[in-house]
Amino acid sequence: MSKYNEPVSANITSVLREVRVFPPTKDFSKHAHIKSLSHYRKLYNESIKSPEKFWGQQAKNELVWFKPWKKVLQWKEPFAKWFIGGQLNVSVNCLDKHLETPVANRAAIIWEGEPAASGKPGEERTLTYRQLHREVCLFANVLKRNGIKKGDRVIIYLPMVPEAAIAMLACSRIGAVHSVVFGGYSAQSVADRIFDSQAKMVITADGGFRRGACVQLKKNVDDALALKDAQGNLLAKTIEKVIVLRRACNDIHIQEGRDVWWHREIEYVDAECPAAKLDSEHPLFILYTSGSTGKPKGILHSTGGYLLGAKMTTKYVFDLQETDVYWCTADVGWVTGHSYVVYGPLANGATSLMYEGAPNFPEPDRFWRIIEKYSVSVLYTAPTAIRAFMKWGVEWPKKHDLSSLRVLGTVGEPINPEAWIWYHEVIGGKRCPIVDTWWQTETGGIMITPLPGATPTKPGSATLPFFGVLPEVVDNNGDPVPRNTGGKLVIRKPWPGMLRGIWGDQQRYKEVYWSEVKGSYFTGDGCRQDKDGYFWIVGRIDDVLNVAGHRIGTAEVESALVSNQKVAEAAVVGRPDELKGQALVAFVTLKTGVPALPELREELRNHVAKEIGPVAKPDDIRFAEALPKTRSGKIMRRLLKQIACGIEIKGDTTTLEDLSVLARLSQNEE
Ligand code: PRX
């Protein structure tokens, strides 16, 4: 029996409309990796018909192996193993491999720091492949010197600086498993992730820069290491060492014996570090992401399959060429930053640009200035950012020469056709193909996407599946629905970059992803396919919200709210938001005797920021006498969603909504 029975089709029919088709231009297709739709279809059909042959060939062509695999795939649903018996190393594939080629002296990472509010340009750094290789080897030796061994978990809590990539690659070099925590997450979130992964080390910085302020990362780590659970046990007791990168933006506390400076440690080690020969299935990283229940889940990715997915998708989806300067604006704390800032571009020998700072600081032309300065040719960003740029006005991009751009990408949330057209016309000068890429933390890499030069695009559609990916839209029984009918998006076949499970909880892995639709991976997204087979993602159909491209579990925000002593109960739902896609609305009942004062709203928002991070702050908090419940006691989320969408909040919080009355009314209607 399905857990998600909301009729997705109702939403979908309402968005059916005539759409414009943008065919690839001849000029682009001529030089593209995939030159036509029929070329794509031919390869796609092969990949589906004989997946093992297809992936075996790709793994051989794209990756360097210490030892070849014996078998391409072992599939014991829901557990897949790819390239069994094969041995490789991710850092070798991203670095060493290029050292004997002309790529060695090309920029691997170009980093641009945030400029000063005075308008003074920000810091900049370029690391060639050879330099990056050296830095990674040095730091891998620092990890070893500080007790890290193959299989140990390492938390990386850094700003958007090259050292984030260096730390990730250094872990991969020695077979340590990294877990990057977004720098905007709170001390509590850091502690929860340390506890769940039983990590031995945290790599952090004294601070990060954002809008002229210093984000106190090390202070958050200190707080995280002191946090206790309800029984009074330290959450982070497994941490033995903290390595701190000096940014000189903040005075910090150094605890003798536990905390060491990155720059000092480097002095003690040499630059030679042989790469570990790792099994293809060796865990590469854990990345925590929100689900519909409980705390975030540790999504586990492994070495060979993940890297092949990241490398191939970067190459084909962005039509990556050696001359490209590629800029994915995501933070390394998200999966997009893993696959498309670090692993994918570097495995392809491209130049990956990293920027630390906000898109509108000191002025709203930050992105366009950077594109002009470095002749960026591929830009990959989120629809929320595009909508913000639209709001700030065309005068900002118009001030800059954007003619170096040749491919534009979007990710993280559905893009509305208006934003797509604006991106195409104002940023892409009507000449750049747009790739609207659908995927998830769990999928490791892009799954549904146009291939520039091959796929005609339709604004708002992620179009067609990538090689080897077999998506389908199904009803509650798991049967395919007719074209132009809404349903659940599932993936029918395993693919190399798929998650290998949930860290420490394979039962939950089975339940969340493999029990909703029998025999298929359940994405949690609603979708329809149009008459041409194009996929149109509608958004999440589970209790996960997508706020500004960030995935937020309603349950997580609810439990953060009820952890405040003034709150009795909380229910969080989404409502459409012009800029962020979705906004968070929290319905809160207070404990007896606690007055619903207007200032309590801000207090609770800050409480959520402290518990999870500012990204999860509710946009609206609405106090209620009681929450609407079904007769069996379940919160009526659908009703709350309707209220959140339909009724404007009055400024005065003292007028409490009696939602239980509404609930009774709706029960009578049923
Ligand atoms: O709902 C889909 C939405 O983002 C979810 C995955 O979120 P996360 O794991 O944080 O990864 C984000 C970056 C890959 C999906 O279940 N989503 C992602 N890309 C798109 C999208 N929705 C519509 N169109 C997209 N292109």
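Residues numbered from 1 in each chain as written. Predicted model: local features only at pLDDT ≥ 70, side-chain atom pairs only at ≥ 80, totals over all residues. Heavy atoms only, no water.

In terms of helices and strands, the chain carries 21 helices and 31 strands. Here the chain has a C-alpha radius of gyration of 24 Å; the compact-globule value for 670 residues is 26 Å, and the two agree. Dimensions of the chain, computed from the C-alpha atoms along their principal axes, are close to 75 × 65 × 55 Å. Out of the 670 residues belonging to the chain, those deemed buried represent 61%. If you sum the accessible surface of the chain, you get close to 26600 Å²; carbon and sulfur atoms cover 51% of it. Taken together, the 86 basic and 76 acidic charged side chains of the chain have centroids lying 5 Å from each other. (Helix = DSSP H or I, 4+ residues; strand = E, 2+ residues; numbered from the N terminus. Rg over C-alpha atoms; globule rule 2.2 N^0.38 Å. Buried < 20%, exposed > 50% of the residue type's maximum accessible area, 1.4 Å probe, protein only. Areas by Shrake-Rupley, 256 points an atom, 1.4 Å probe, with all protein chains shown as cover. Lys, Arg positive; Asp, Glu negative; His and termini not counted. Charge placed at Lys NZ, Arg CZ, Asp CG, Glu CD.)

Below, the discussion takes up helix H19 (residues 598-611). For H19, built from 14 residues, the straight-helix expectation of 20 Å at 1.5 Å per residue is met to within 8% by its first-to-last C-alpha distance of 21 Å. Looking at H19, one finds that the buried residues are Leu600, Leu604, Arg605, His607, Val608, Ala609 and Glu611. Looking at the packing, one finds that the buried side of H19 touches helix H8 (187-197), helix H18 (554-562), strand S28 (567-577), strand S29 (581-590) and strand S30 (620-626). Within two residues after H19, Gly613 carries a phi angle of roughly 150°, on the positive side. (Expected span 1.5 Å × (residues − 1). Contact = heavy atoms within 4.5 Å.)

Under the criterion given, the structure shown has one disulfide. In this model Cys214 forms its disulfide with Cys249; the gap between the sulfur atoms is 2.4 Å. The sign of the 40° torsion about the S-S bond sets the Cys214-Cys249 disulfide as right-handed. Of this pair, Cys214 sits in strand S10 (residues 213-215) while Cys249 sits in the loop between strand S11 (241-245) and strand S12 (259-261); the two residues are 35 residues apart in sequence, bridging distant segments of the chain. In this structure Cys171 is not part of a disulfide, and its nearest cysteine sulfur, from Cys273, lies 11 Å away. A residue is classified by how much of its surface remains accessible, and Cys171, at 0% relative accessible area, is buried. (Disulfide = S-S within 2.5 Å.)

Moving on: the environment of Pro465. Of note, Pro465 is situated in the loop between strand S20 (434-437) and strand S21 (471-474). Overall, Pro465 belongs to the buried group, its relative accessible area being 7%.

If you look at the biggest cluster of nonpolar residues, it comprises 165 residues, and the most contacted ones within it are Phe139, Ile203 and Phe318. Those residues in contact with Ile203, other than ones at most four positions away along the chain, are Phe139, Leu143, Val154, Ile155, Ile156, Tyr157, Leu158, Ala167, Ile243 and Trp262. (Core = buried A, V, L, I, M, F, W, Y, C linked by side-chain atoms within 4.5 Å.)

Attention now moves to the sheet that holds strand S24 (residues 521-529). Across the sheet, four strands lie side by side as S21-S22-S24-S25; this open sheet has antiparallel pairing. Across the chains shown, the open sheet's two edge strands, defined by having one partner strand only, are S21 and strand S25 (535-540). The average undirected angle you get between the axes of adjacent strands in this sheet is 45°. Note that S24 and S25 share five bridges and pair antiparallel. Note on S25: the bridge partner recorded for Cys527 is Ile537. (Pairing = 2+ DSSP bridges. Axes fitted to C-alpha atoms, helices over the stretch in contact; angles between N-to-C directions.)

Attention now moves to the site of the ligand. Around the ligand lies a shell of 16 residues, among which Asp436, Thr437, Thr441, Asp525 and Arg551 are the nearest. At 3.4 Å from a nitrogen atom of the ligand is found a main-chain nitrogen or oxygen belonging to Glu413. Contact between the ligand and Arg540: an oxygen atom at 2.8 Å from a side-chain N or O atom of the residue. Calculation on the ligand without its partners gives an accessible area of 540 Å², and the protein chains cover 95% of this total. Elements represented by at least two residues in the shell around the ligand include exactly S20 and S25. (Near = heavy atom within 4 Å. Polar contact = N/O pair within 3.5 Å; in protein donor to acceptor, adjacent residues only side chain to side chain.)

Any functional reading would require information that these geometric values do not contain.
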